[in-house]
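Residues per chain are reported as follows:
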Amino acid sequence: MFLLFIGIDPVFSQTRYSVPEEMAEGSFVGNIAKDLGIELSRLISGKARIVTKGSRQYVDLNRDKGILVVRERIDREELCEQTTPCSFSFEIILESPIQLHRVTVEVTDINDHAPSFPKDSIKLEISESAVSGARFSLDSAMDLDVGVNGIQNYALKPTDHFKIEINSNMDGSTSLEMILQSPLDRESVEEFSLLLIAADGGEPQKSGTVRIHVAVLDANDNAPVCEKATYKAEVKENSPVGTNIVTVKATDPDKGSYGDVMYSIAHASAEARQLFTINSETGLVSLTGKLDFEKTKSYHVNVKAKDHGGQVDTCKVLIEVVDENDNAPSIQLMSFSNTIPEDSPSGTTVVVINIEDSDSGKNGIVHCAINTDVPFKIESSLTDYYTLVTDGALDRESTNEYNITIMATDEGVPKRYSNKTVTIKVSDVNDNSPSFDRDEYVAYVTENNNQGVSAITIHAKDADIGLNARLTYFLSETDIGGIPVTSLVSVNPDTGVIQALRSYDFEQMKTFTFNVTARDGGSPPLNANVTVTVHILDQNDNAPQILYPVQTSGSLVAEIVPRSADIGYLVTKIVAVDVDSGQNAWLSYKLQKAADRALFEVGAQNGEIRTVRQVTDKDAVKQKLTVIVEDNGQPSRSATVTVNVAVADSFPEVLSEFTDFNRDKDYNGDLTFYLVVALAAVSFLFISCLVVIISVKVHRWRQSRVLYHSSLPVIPYYPPQYADIGGTGTGTGTLKHVYNYEVCMTTDSRKSDSKFLRPSPGVLMVDPSYMDTMQREAGRDDVLDDADPLELQKPPNNDWRLPPNQRPGPSGAGPLPEGAGVVAGTGPWPNPPTEAEQLQALMAGANAVSEATATMGPRYNAQYVPDYRQNVYIPGSTATLTANPQQPPQQALPPPQAMPPTDAPKAAQTPASKKKSTKKDKK
């Protein structure tokens, strides 16, 4: 046993072993792992296996030990017949990666066959006239063994008249001839019996024998002679049976039966005897079987020419079989991976192919190719072996399967070809990111939606398959106005349905934007983001809101319209808003009840209240307009506002009308009770504070409790800078400038209410709770001043009730000199007033009670008393409220100056003297 190691390629290698035939099963052939340098673990992981071309496998692979062992008995003669050297080949295939190793095992011969002759005995007829040296052809013995185990020599016994000569033929075979050494004498010996022995050179030596019977015939002077010693002929392998190949010709000059030549096959192999025959009379060699060039390329036949006298001659016929292209190439897949990842690099081996053609020459030259429309190519690795490898990038998303046709063509005439189609599937890898069907999603959700309502469904696709294409949706962690997006919406991870997690309010949030991520299930996973914008649609869920005029639970709004107003006079404008949007916020205005001869109308679009005709005497002074503000939503929502309009030319007229304004209202019993209690509590606190302040100022005012329980109205107070205009002493007693002052007066004795008026040519605010009337100043948000009423109104000074010459003052004070004009006031009391002085002041106030008006306070007939029909004087203040709009502005007096000494005050007037005032003085 010996080893031939040819060479190993990283992928392909070839190894050769030699074993004798007839080895027992399991016998060791060779250590393939060691010889090829392959680890035992590689043989196991690569699933090493033996691939043979034929149906029989003589050698098996032990992967655990890495050795080759005999699988079944090997008969060299059955495997190779006479061919030397005798060998068989097989391939060892390993996978992942694919490796191919060719192994050739040469089978050496052992001497297991003895030589044998075709016949058990040979009969020869030899004429006695045969001369010494005559040759007689004999059939050679056959030994299936080869080499030294084949036939090595022949021996003939006895050797008195004959000897054996061994001749070598051109095809390597041998032929035997028996040579006559001495003449025969039929009369002496008519028959001979010889023993021919064939021996081989094996150990132990084996032999075979045949018995030769020689009959001595009468003399025949001439023997047949072949025209050619060797005949050569060619025959095509696909020639039909009966095809004439060659004609052998021999001549014999003898006459009669000794001149007739008979032809026969003297020596040929068993196969040749089955394929060829010769006509005994004509010597024509013809075909009797089917030739196969791939099995036997040539045949050698010896033809014997014999006459009837026993003379013979032998010639050789060499028949060459001509190859024809009768075999198509055969394609065999040695290793095949029908699935390949799409990210496989170029040059990855997919299939190992073995292509063979049994023909020879050009007929056996094979070319292999595949269809050109695939990213694969064929490469030649070993003889008759080809590999199919990738030739470019694969993309499963473009083509997920390839049908590759392997075509093998020889160079024969006509050409023969064969093909085999293999299907290669491209397996997916995660090489594609998800993609959304839109660049941006826009959803519309109506406000006041139900929680969990579906806003929109997003959809993404992934060109991959399987787990690589399984998408999961989730929200990106962001905040929208400080609110996590996960508290606003949610996304179904499987379907991509986006749902609202809360009820939206259009007025708080009109739109918001967030990102949704789609992630596949590959490794590593790939993502894609898309922006989703949710627009909240408005619903008509808000009624209009009145901004102007302001409606409160305890106040009324009144607008003054002069009787001389023209048509289209703007009374006021209703200002309203609707927090909804679109047509839901389109507002329209209309009057709730419009009379046939309505004085006012409201603009349907702008809310302006204007007069539609001239004011007549029949029109009521007080008019209440109810305006409906309605939006354009479905269904529509509305709000109402009540506007009180006073048709009057003067403020006193408006004031008198609005005095009884509250009487028309139907008070709720409980509400009225609470208002009365609250008003009484406030009045008590106010009066208490006022009494405390007066007590501090007066110190020892012993009559304070009488004044506190008195039912007298509040007596006005002449401010220090009060003076008669014109210097005549008969003026109106007003200030030199016009000022707006708050007025404290009684209004309704039945309810014991009090009013604080602030005259204004515009709007009057009437508060039914406190019965306070004040001016609504532009640009101010508060209706009432923040100042404490005790700070705004100072305690009254009793000096104003008397004429200047009767006012209490320091001792020695006298009347004002002529031309003094202005009474400067006395300032603080230097000495406490006497009881007589206090009594005079009380008597003067009581005299005016019966003549005082209900709303404007007391009126006096003295020239020093102001005219309350035109002016209102505010106690504790230095200004006058003028009700006559045509009265010219009055100027305030200059600051007080030092006065000259005055005379002693005169005696105070009695009530009797007060009644003597003239009518002119009262006016």
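Structure report, in brief. As a convention, each chain's residues are numbered from 1 in the sequence order in which they are written. A pLDDT threshold of at least 70 governs which residues receive local features in this predicted model, and a stricter bar of 80 or more applies before side-chain atom pairs are shown or counted, although totals over entire chains, interfaces and linings include all residues. Excluded from the side-chain calculation are hydrogens and water; included are all heavy atoms of the structure.

Turning to the pairing of strand β17 (residues 230-236), a few remarks are in order. The buried label goes to any residue with under 20% of its type's maximum accessible area, the exposed label to any with over 50%, and the partly exposed label to all in between, with areas taken from a 1.4 Å probe on protein chains only. Helix and strand definitions here come from DSSP, where helices need a minimum of 4 consecutive H or I residues and strands a minimum of 2 consecutive E residues; each element is numbered from the N-terminal end. Residue alternation in β17 divides its side chains into a buried set, Y231, A233 and V235, and an unburied set, T230, K232, E234 and K236. In this analysis, strands are considered paired if DSSP registers two or more bridges between them. Across 7 bridges, β17 lies against strand β24 (residues 312-322) in parallel orientation. Paired with E234 across the strands is E320, a residue of β24.

Note that a disulfide, as used here, is simply two cysteine sulfur atoms within 2.5 Å. A complete count under the given rule lists 1 disulfide for this structure. What pairs with C80 in a disulfide is C86, and their sulfur atoms sit 1.7 Å apart. Because the sign of the S-S torsion sets the handedness, a value of about 70° for the bond joining C80 and C86 places this disulfide among the right-handed ones. Not engaged in a disulfide, the cysteine C315 finds its nearest cysteine sulfur in C226; these two sulfurs lie 3.5 Å apart.

Both the distance between ring centres and the angle between the ring planes are used here to describe each pair of aromatic rings. For this analysis, a ring pair means two rings from Phe, Tyr or Trp (six-membered ring only for Trp) whose centres lie within 6.5 Å, classed as stacked if their planes differ by under 30 degrees, edge-to-face if by over 60, and tilted for the remaining angles. Inspection of the entire model under this criterion finds 12 aromatic pairs. With a centroid separation of 5.4 Å and 80° between ring planes, the pair formed by F376 and Y402 is classed as edge-to-face. Note that F376 is positioned in strand β29 (residues 376-380) and Y402 in strand β31 (residues 401-410), a separation of 26 residues in sequence. By relative accessible area, which is 10% here, Y402 ends up buried. The interplanar angle of 65° and the centroid separation of 5.6 Å between the aromatic rings of Y504 and F512 together place this pair among those described as edge-to-face. A relative accessible area of 4% means that Y504 is categorised as buried. We classify F512 as buried; its relative accessible area is 2%. Members of the aromatic cluster, joined through ring pairs, are Y58, F88 and F90.

This brings us to the sheet that holds strand β30 (residues 385-390). The pairing of strands in a sheet comes from backbone hydrogen bonds and takes either a parallel or an antiparallel form. Sheet architecture is open: 4 strands sit in the order β25-β27-β30-β29, paired in antiparallel fashion. In this open sheet, the two edge strands, each paired with only one partner strand, are β25 (330-336) and β29. When strand polarity is set aside, the average angle formed by the axes of neighbouring strands in this sheet is 30°. Note that β25 and strand β27 (residues 349-356) share 6 bridges and pair antiparallel. Bridge pairing in β27 places L333 opposite I353. Orientation is described by lines fitted to C-alpha atoms, with helices fitted over the stretch in contact, and by angles between N-to-C directions that extend from 0 to 180 degrees.

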